[in-house]
Amino acid sequence: HCVWYGECDESEKVPGKKYNCNYTGPPVPLNPEGYELLTELCPGYNYGNRSLCCNETQLHTLKGSLQLPLQFLSRCPSCFYNLMNLFCELTCSPHQSQFMNATKFKGKNVVEVEYYIGKTFANAMYNACQDVQAPSSNVKALSLLCGKDAQECNATNWIQYMFSIDNGQAPFPIIPVFSDVEVSGYTPMNNKTYACTEGLEDGSGPCSCQDCAAACGPKPVPPPLPPPWTILGMDAMSVIMWIAYMAFLLIFAGVLVGAWCFRKRTITSEYGPILDSNNPLSLNSDNHNQENASCCETLGERFENLLRTFFSCWGSFCVRHPSVVLLGSFVLVTACSGGLVYMRITTDPVELWSSPASQAHQEKSYFDEHFGPFFRTTQLIITTPINDTYIYSPYFGGSDVPFKAILFKDILHQVLDLQLEIENLVAEHDGKNITLKDICLAPLAPYNNNCTILSVLNYFQNSHAVLDHSKGDEFFVYADYHSHFLYCVSAPASLNDTTVLHDPCLGTFGGPVFPWLALGGYDETNYNNATALVITFPLNNYLNDSVKMGQALAWEKEFIKFMKNFNNPNLTIAFSAERSVEDEIDRESNSDISTIVISYAIMFIYISLALGHIHSFRRLLVDSKISLGIAGILIVLSSVSSSLGIFSYAGVPLTLIVIEVIPFLVLAVGVDNIFIVVQTFQRDERMPQEELHHQIGRILGEIAPSMFLSSFSETVAFFLGKMNLLLNECNIFIKLLGLSLEKQGNRLDICCCVKLPERQEIKTEGFLFRFFKKVYAPFILKEWVRPIIVAVFVGMLSFSIAVVNKVEIGLDQKLSMPDDSYVLDYFKNLSEYLHTGAPVYFVVEDGLNYSSPEGQNSVCGGVGCNNNSLVQQIYSASIISNYTTIAYTPSSWLDDYFDWVKPQSTCCRFYNNTGAFCNASVVNSSCVSCRPMTQSGKQRPEGEDFMRFLPMFLSDNPNPKCGKGGHAAYATAVDLYPNNMGVGATYFMTYHTILKESPDFIDALKMARNLANNISQSMDHKVFAYSVFYVFYEQYLTIAYDTALNLCVSLGAIFVVTTVLLGFELFSALMVSITIAMILVNMFGVMWLWDISLNAVSLVNLVMSCGISVEFCSHIVRAFSVSMKTNRVERAEEALAHMGSSVFSGITLTKFGGILILALSKSQIFQVFYFRMYLAIVLLGATHGLIFLPVLLSYIGPSANKAKVFAANQRLAGTEREPLIKH
């Protein structure tokens, strides 16, 4: 018999719900009007005369109460079937009295019943439902339906929650009793259940893998990490290089000993054969001719002579025609620099770090075009110095829960005060007041204009009153903010918590606030252990609306100003706005101007003084060459402006780094040519009857080929600026040098009208030149010193090779900030407290047919979807998130749309008279269901039906009767064609795992792209992954390859240029290339030792070091190749003596002084990538060029070019310099 039948009075405890009427008679036939509803809800009873213990009214109540479970669980048919079986047996079973006992009555009302349920049934129902997903919120459906987190949910407490009046649906207590055996004369309800892997008799298929773990097969296993490469338990590279170094030392020592023994046995005097005039190989033989010169040697001599003749004539012309040269150079510089009026400086990080042709840049543009740009983020991370814990004991039972100090009520009130103050901030832009509401992200606008604020205070509706809300009596507190918080972190999308408070968890903006976004510093999912609150204000991004963008920037500026002045002793706050990084970089650039100016000033003072050859204190102002130094620096800077102007003509944008660093770089690089010209002149003696212009022309003919060699080689790395510099030096500086010498006499420099009394001054060699000639060069080329130098430098090379693969890739974003920046605290807290990474969007490009079953099955994650569909593959990746970096199941608009449009749901309705959408909360008889309750109507919508209802879904706001409305979650996820004619591009969003260091971001990008490629192949349609940081980190996927390619190309080009300009001397060019390669490899060793990572900045510096190293090497090698001395050691000594002093004073000391000042910069990026790397470039370049290279040349340097020797003798025959060749 029955236990009840029909509905009576309204429930006292749950307003809007009614008690069932007490009835113990036999089942009553159902009215025909209820047949359709019975078929929909309880098809198992749709037979015979349909005699039941419920009427049509109760069926309507049952349908209304089960709307939320229907919307979230019906995506798994077997799960929903079992659930409906539970409620149909409870409500309508003709055998109610066998498993139900009415225990309390009030008049004719049944106010409490006991429901005997089989444990087997309960467990089977739970097992079928436990994995079902809620796509829009990236959580399991039971988190929304069990009253607690899905991990804590089980068969017992789930059913107890559904039958509790605390859920707002049950009108009276239903007490479940679980047993598989008869209890007190009652036989538990143990109907047949379906596992999630089984299909139903109505033809519904088994649940998808995403909703049923048992249907997935074995859990995917990530590939094992490759083991570290070791030999005997030690790093393999280190072992290999150590063995190689030992082998080299043994071989090198053996060769040295063997050569020494051979020389002692066969040669009486080391220099005998060379000095013997009768020896045809002697350089001093009387019959120099070109018979023994090879073709390459002859060609090299002719090319050398051509360069010498050209530069000699040019130097002479410059001195003789000053007005023509100066005017022409001025016109050329002015014309080139005129491009500066078109100069465009870019500070946009995307433009700075990403090429428009790069994959990430193009994908970002596609995303912005179809879905709008990613929102601007303003964020606070709040901690407290209070170190205390409160133990909360739930009134209705359960274990004690500890709450950290940041979740104390008084602290939350203070944080809410701060949040409300920020909401009320007013900024001014173009005379208009701007508030947060003007620029914030409001997903439900215009129906709900509340701003999205991802804050734990949104669990309390951003209200002090709700935060203080509690229920209890004078003895106990039944529920307060503790219980509400614990419920909301497990069901953030709930509209009604399970406590006696019945407060909503859904944010005031209409969306859920996920705890992993609003809390930090907790362990696993114990959100009550959080030690930080995270408050995020997403702002709309207005890329193509300068007015709106200006308003957003103005409000962010006001926010930053407010936060800098905010002070609360109980709160420690780290904060950042979207503009913060760019603002701090600008401030950093401005603060470093003084450092750069001091650096320039030091180089300027040094150059002005070092260019002079001061003979005595009284001639300080005569010999100092201050005016010439100023002119030289102006020439260098004019070259910079010319280069910048040319690139500005070409439309190439410039950066602040270029404007600040390049003049410094070019000044340091260009000054060495000035030193070589001036110091060579100072050491030269004018020949009899030789005029000044002839002398300068002759000197330029001797040294300009070397300058041209280094400059042209560097052009390979620096492209245009260096050649501009050489042309200006050869034009303007040579003329100014001539004018300086013509006007000098005994006149003071600068004050040229003042002239000292005539007095004979003895011309002497400079101190540095004498030191290099008399002390330094002879010492390092001693027989016992050279092997030590080779051993040390090869040891450095071996060490650097061993650690090349250990240099980290990436750029720590903290380095881009000044030392005193507030953003550094934010970055620190970000990595310490946050528990989730950036959102990642899997974008399905335009062209997929979502109206067809094939197109739907390739994307969706529900029943009937492909096992390798887009949603399913992302879900599988989230299972092994430690490997894939995909943290959660994606939010799928398509799956939610299918649940929303089902005829059993009250979500999809329209007015039958107008066809307009009718929201589930509207009570109107003209609102009818979108699809009929037929077998075909229960299927997914296809063709025209699909597009007919999709715009309604995307405009529907979630409400208590329909939680599946797509407006809040998917309004921007679907790009509809004009007039809603079809679906264009769409995205499916999830989150990365927490990413802290550069390698984490690089790995996340790599994994997401691999996943997107797999999805594209299985769908046969283009899908790509997009996240805001991809555009910055894409470069690191190929940075190692790009570095190797750039450096190899630069080295190869330098080898070719050096070969040609040294007169086709391949071996000389090889010496230069070997030395530069060693410098580059040693730079990697320095980077590893000094924690300098490999990125775009350091790559530019490495390419630059390749170019600058030419300065240290090429002058020495060319001087060696043209030396007329008798053996390699003497030739190396002469080259080092003559060019070494100029290289040291012109390159090393000039750069060294300016670089040291960079250490004082507040900018960490300056300190790391400019001070440290520039210092390493200079020190390694100087040591290799002035120590290792001369020693290398003394061992294996190329032999003298016979054609050049013959030509030198011919050229100097009959002059006073002829005897110099013989000695």
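Along every chain, residues carry numbers that run from 1 in the direction the sequence is written. A pLDDT threshold of at least 70 governs which residues receive local features in this predicted model, and a stricter bar of 80 or more applies before side-chain atom pairs are shown or counted, although totals over entire chains, interfaces and linings include all residues. Side-chain numbers here rest on the full set of heavy atoms in the structure, without hydrogens or water.

Okay, the sheet that holds strand E26 (residues 983–991) next. Ordered by their spatial adjacency, 4 strands build an open sheet running E25-E26-E22-E27, and the pairing between neighbours is antiparallel. The strands lining the two open edges of the sheet, one partner per strand, are strand E25 (974–976) and strand E27 (1023–1026). Between one strand axis and the next, the sheet turns through 20° on average, direction left out of account. Here, any two strands with at least 2 DSSP bridges between them count as paired. Secondary structure elements follow DSSP: runs of H or I no shorter than four residues count as helices, runs of E no shorter than two count as strands, and numbering proceeds from the N terminus. One ladder, built from 6 bridges, connects strand E22 (residues 839–844) with E26; its direction is antiparallel. In the sheet register, Pro839 faces E26, and the bridge partner there is Tyr991. Note on definitions: a residue-residue contact is assigned when non-hydrogen atoms from the two residues lie within 4.5 Å. Lines fitted to C-alpha atoms define the axes, with helix axes restricted to the stretch in contact, and inter-axis angles between N-to-C directions lie between 0 and 180 degrees. Contacts from helix H14 (residues 359–371) reach E22, E25, E26 and E27, with the element oriented near 95° to E27.

The next subject is helix H15 (residues 409–423). Given 3.6 residues per turn, any residue in an α-helix points the same way as the ones three and four places further on. The span you would expect from a helix comes to 1.5 Å times its residue count less one. Taking 1.5 Å of rise per residue, 15 residues should cover 21 Å, and H15 covers 21 Å from first to last C-alpha, within 8% of that figure. Residues of H15 that are buried: Ile411, Leu412, His413, Gln414, Val415, Leu416, Leu418, Gln419 and Ile422. For H15, the elements touching its buried residues are strand E12 (376–383), helix H17 (464–468), helix H18 (481–490), strand E20 (532–539), helix H20 (546–565) and strand E21 (572–576). A 1.4 Å probe rolled over the protein chains alone gives each residue an accessible area, and that area as a share of the maximum for its type sets the label: buried under 20%, exposed over 50%, partly exposed in between.

Here we come to the state of the cysteines. We call a pair of cysteine sulfur atoms a disulfide when they lie within 2.5 Å. Per the counting criterion, the structure on display carries 15 disulfides. Through a disulfide, Cys488 is tied to Cys505; the S-S separation comes to 2.0 Å. Given an S-S torsion of about -80°, the disulfide between Cys488 and Cys505 has left-handed geometry. Note that Cys488 is positioned in helix H18 and Cys505 in the loop between H18 and helix H19 (515–518), a separation of 17 residues in sequence. Both residues of the pair, Cys488 and Cys505, count as buried. Cys1048 supplies the cysteine sulfur nearest to Cys1106, a cysteine that is in no disulfide, at a spacing of 9.5 Å. Judged by its relative accessible area of 0%, Cys1106 falls in the buried class.

Take the pattern of salt bridges next. Salt bridges are defined by distance alone: a side-chain nitrogen of Lys or Arg within 4 Å of a carboxyl oxygen of Asp or Glu. Per the counting criterion, the structure on display carries 21 salt bridges. For Lys63, the salt bridge goes to Glu40, with nearest N and O atoms at 3.2 Å. Here Lys63 is found in helix H2 (residues 56–65), whereas its partner Glu40 is found in helix H1 (residues 35–41), with 23 residues between them in sequence. Here Lys104 ties to Glu112 by a salt bridge, and the two come within 3.7 Å at their closest N and O atoms. For Lys104, a relative accessible area of 44% corresponds to the partly exposed category. On the accessibility criterion, Glu112 (13% relative accessible area) is buried. What you see here is one network of salt bridges that share partners, running through Arg75, Asp211, Asp896, Asp899, Lys902 and Lys964.

Mapping Lys774 onto the fold places it in helix H28 (residues 767–780). The class of Lys774 is exposed, set by a relative accessible area of 58%. Counting along the chain gives 363 residues from Lys774 to Ala1137, while the straight-line C-alpha distance between them is 8.1 Å.

This part is about the nonpolar core. Ranked by internal contacts, the top residues of the largest apolar core, which has 285 residues, are Leu86 and Trp158. With 20 residues, the top contributor of residues to this core is helix H43 (residues 1164–1196). Other than its neighbours up to four places away in sequence, Leu86 contacts Tyr115, Ile117, Phe121, Met125, Ile159, Met162, Phe163 and Met189. Within the second largest apolar cluster, 6 residues are counted, among which are Phe311, Leu700, Val1057 and Leu1061. By nonpolar core we mean a set of buried residues, namely Ala, Val, Leu, Ile, Met, Phe, Trp, Tyr and Cys, connected to one another through side-chain atoms within 4.5 Å.

With that settled, consider the packing of aromatic side chains. For Phe, Tyr and Trp, rings pair up if their centres lie within 6.5 Å, where Trp contributes its six-membered ring, and each pair is then called stacked (planes under 30 degrees apart), edge-to-face (over 60) or tilted (otherwise). Within this structure, the stated rule accounts for 55 aromatic pairs. Measuring from centroid to centroid gives 5.7 Å for Tyr366 and Phe1024, while their planes differ by 85°, and the two rings are edge-to-face. In this pair, Tyr366 sits in helix H14 while Phe1024 sits in strand E27, placing the two residues 658 residues apart along the sequence. Each member of the pair Tyr366 and Phe1024 is classed as buried. Between the aromatic rings of Tyr850 and Trp893, the centroid separation amounts to 5.3 Å while the plane-to-plane angle is 55°, which identifies the pairing as tilted. With Tyr850 in the loop between E22 and helix H31 (853–857) and Trp893 in helix H34 (residues 893–901), this residue pair connects regions lying 43 residues apart in the sequence. Each member of the pair, Tyr850 together with Trp893, is buried. An aromatic cluster is built from Phe367, Phe371, Phe374, Phe375, Tyr841, Tyr987 and Tyr1026, whose rings are joined through pairwise contacts. Consider the ring centre and the ring normal. A charge sits over the ring if Lys NZ or Arg CZ is within 6 Å of that centre and within 35 degrees of that normal. Over the ring of Tyr35 we find Arg50; its NZ or CZ atom is 3.9 Å from the centre of that ring. Here the basic side chain of Arg1131 rests over the ring of Phe1120, its NZ or CZ set 4.1 Å away from the ring centre.

What follows is about the sheet that holds E21. One open sheet holds the 4 strands; their spatial order is E19-E20-E12-E21, and the pairing between them is antiparallel. Bordering the open sheet on either side are strand E19 (519–520) and E21, each of which pairs with just one other strand. Here 5 bridges tie E12 to E21, and the two strands are oriented antiparallel to one another. Across the sheet, Ile381 pairs through a bridge with Ala574, a residue of E21. Strand contacts of H20: E12, E20 and E21, with the helix running at about 15° to E12, the strand carrying the most contacts. Across the sheet, helix H30 (residues 822–833) lies against E12, E19, E20 and E21, angled at about 75° from E12, the strand it touches most.

It is worth spelling out the packing of helix H29 (residues 785–803) against H43 at this point. Put simply, H29 and H43 touch, their axes get as near as 10 Å, and they point 125° apart. By the criterion of interaxial angle, the relationship of H29 to H43 is oblique. Note on packing geometry: the crossing formed by H29 with H43 is left-handed. Within the contact between the two elements, H29 uses Arg786, Pro787, Ile789, Val790, Phe793 and Met796 and H43 uses Leu1180, Thr1183, His1184, Ile1187, Phe1188, Val1191, Ser1194 and Tyr1195. Class assignment for the residues of the contact of H29 with H43 results in 10 nonpolar, 3 polar and 1 charged. Here the angle decides the label: under 35 degrees means roughly parallel, over 145 means roughly antiparallel, 65 to 115 means roughly perpendicular, and every other value means oblique. Helix crossings get a hand from a simple test, with the near helix turned counterclockwise from the far one by less than a right angle marking a left-handed crossing and a clockwise turn marking a right-handed one. Here the nonpolar group is Ala, Val, Leu, Ile, Met, Phe, Trp, Tyr, Cys and Pro; Asp, Glu, Lys and Arg are the charged ones; every other residue, Gly included, is treated as polar.

Considering the arrangement of structural elements, one finds His429 in strand E15 (residues 427–429). Its relative accessible area of 18% is what places His429 among the buried residues.

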